[in-house]
Amino acid sequence: MLANKIRQQLGRPTQSLVGWLVKKFLTRNNRVLEENAVRLCGIQPDDTVLEVGFGPGLGLEAAASILSGPRGKLFGVDYSEFMYKVASERVKGLITSGKVTLHHSSVEAMPLPDSSVDKVFHCNCYYFWPDLTAGTAEIHRVMKPGGLMVVTLKVHTVAYVASKKLIPGEHWRPEAYMDALRATGFTDIRMEDKNDKDITFQAIFATASKSRMPGFPEYK
Ligand SMILES: C[S@@+](CC[C@H](N)C(=O)[O-])C[C@H]1O[C@@H](n2cnc3c(N)ncnc32)[C@H](O)[C@@H]1O
């Protein structure tokens, strides 16, 4: 019963006591993952960047600080209304200035144009998607050809949380996610061990290759 509640709130926090505790937990524990996902993306000042499942918004702040060029833009999507409110409050000045746009939407149907995003990052998010390939196909759709996606996670922690049934099914396994990336047009997919501030974590890298997609000349 409690496990069910925590599982639901980790995957989609609501404005409730447990949702509030989840928000506190994410804010306290995930800064290193969020900041490193941003760093590993190699964001340039004029890039268009997307964070999927931004939660409380720590990664949004980190990415926005690099997007200092006049064309630099940051988008975020999260299907939790509560997280949308919390993150909107965190970056409200950047929303007002037009640097950041947040959408209360799911990764499977993002209100973004085709081939418009240079870099995508997400942390602790894909384990909760109902359909991995629907999510990766949609991310691939919005990315420019050759765009880079970086996902950060702590595999050991996620495996432990999954063993306590706080994450649904087997989707959390990095292999499942990388298979979905391969099936939906990503290339150069790899996972590397990383360390920052004495914290070990993993980063998955993938490039949105579009040369074998319908509409591109090389497509057979
Ligand atoms: C465990 S939290 C992680 C939040 C933040 N990235 C972090 O690491 O602290 C997962 C976040 O992803 C969002 N999320 C999960 N599945 C999603 C989906 N299918 N579409 C959009 N957002 C999703 C949840 O609402 C939640 O804010």
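Residues numbered from 1 in each chain as written. Predicted model: local features only at pLDDT ≥ 70, side-chain atom pairs only at ≥ 80, totals over all residues.

Note the cut-off: UniProt positions are given in the numbering used here, feature names are shortened, and annotations may be inferred rather than shown by experiment.
As recorded in an unreviewed UniProt entry, the protein goes by Methyltransferase type 11 domain-containing protein and comes from Synaphobranchus kaupii. The record held by UniProt for the protein lists under Sequence similarities (unreviewed entry) the comment "Belongs to the class I-like SAM-binding methyltransferase superfamily. Erg6/SMT family."

1. Here we look at the nonpolar core
Put simply, the rule reads: For our purposes the nonpolar core covers buried Ala, Val, Leu, Ile, Met, Phe, Trp, Tyr and Cys residues that link as a set through C-beta atoms within 7 Å. The exposure scheme places C-beta atoms from the backbone and then counts, for each residue, the other C-beta atoms within 10 Å of its own, assigning buried at 20 or more, exposed at 12 or fewer, and partly exposed in between. Helix and strand assignments come from DSSP, with helices taken as H or I runs of at least 4 residues and strands as E runs of at least 2, each series counted from the N terminus. Contact between two residues is assigned when their C-beta atoms, built from the backbone, lie within 7 Å.
Residues Leu60, Ala63, Ala64, Leu74, Val120, Met149 and Val150 are the most contacted members of the largest nonpolar core, which totals 57 residues. The leading source of residues in this core is strand 5 (residues 143–153), at six residues. Once residues within four sequence positions are removed from consideration, Ala64 is found in contact with Leu74, Val91, Leu94, Lys99 and Val100.

2. Examining the UniProt feature "domain: Methyltransferase type" (unreviewed entry) in the protein
Mapped onto this numbering, the UniProt entry annotates "domain: Methyltransferase type" (unreviewed entry) at residues 50–151. Along residues 50–151, the helical share is 35% and the strand share 29%, with 12 Å between the first and last C-alpha atoms.

3. Observations concerning the packing of helix 1 (residues 2–11) against helix 2 (residues 17–29)
Quick note on the threshold: A fitted line through C-alpha atoms serves as each axis, taken over the contacting stretch for helices, and the angle formed by two N-to-C directions is quoted from 0 to 180°. Working definition: roughly parallel below 35 degrees, roughly antiparallel above 145 degrees, roughly perpendicular at 65 to 115 degrees, and oblique for all remaining angles. In this scheme the crossing of two helices becomes right-handed for a clockwise turn of the near helix relative to the far one and left-handed for an anticlockwise turn of less than a right angle. Under the scheme applied here, ten amino acids are nonpolar (Ala, Val, Leu, Ile, Met, Phe, Trp, Tyr, Cys and Pro), four are charged (Asp, Glu, Lys and Arg), and all others, including Gly, are polar.
Closest axis-to-axis distance for the helix 1/helix 2 pair is 9 Å, and the angle between their directions is 55°. Judged on the interaxial angle alone, helix 2 and helix 1 are oblique. Where helix 1 crosses over helix 2, the two elements pack in a sense that is right-handed. Within the contact between the two elements, helix 1 uses Lys5, Ile6, Gln9 and Leu10 and helix 2 uses Val18, Gly19 and Val22. Looking at the contact of helix 1 with helix 2 residue by residue, the class counts come to four nonpolar, two polar and one charged.

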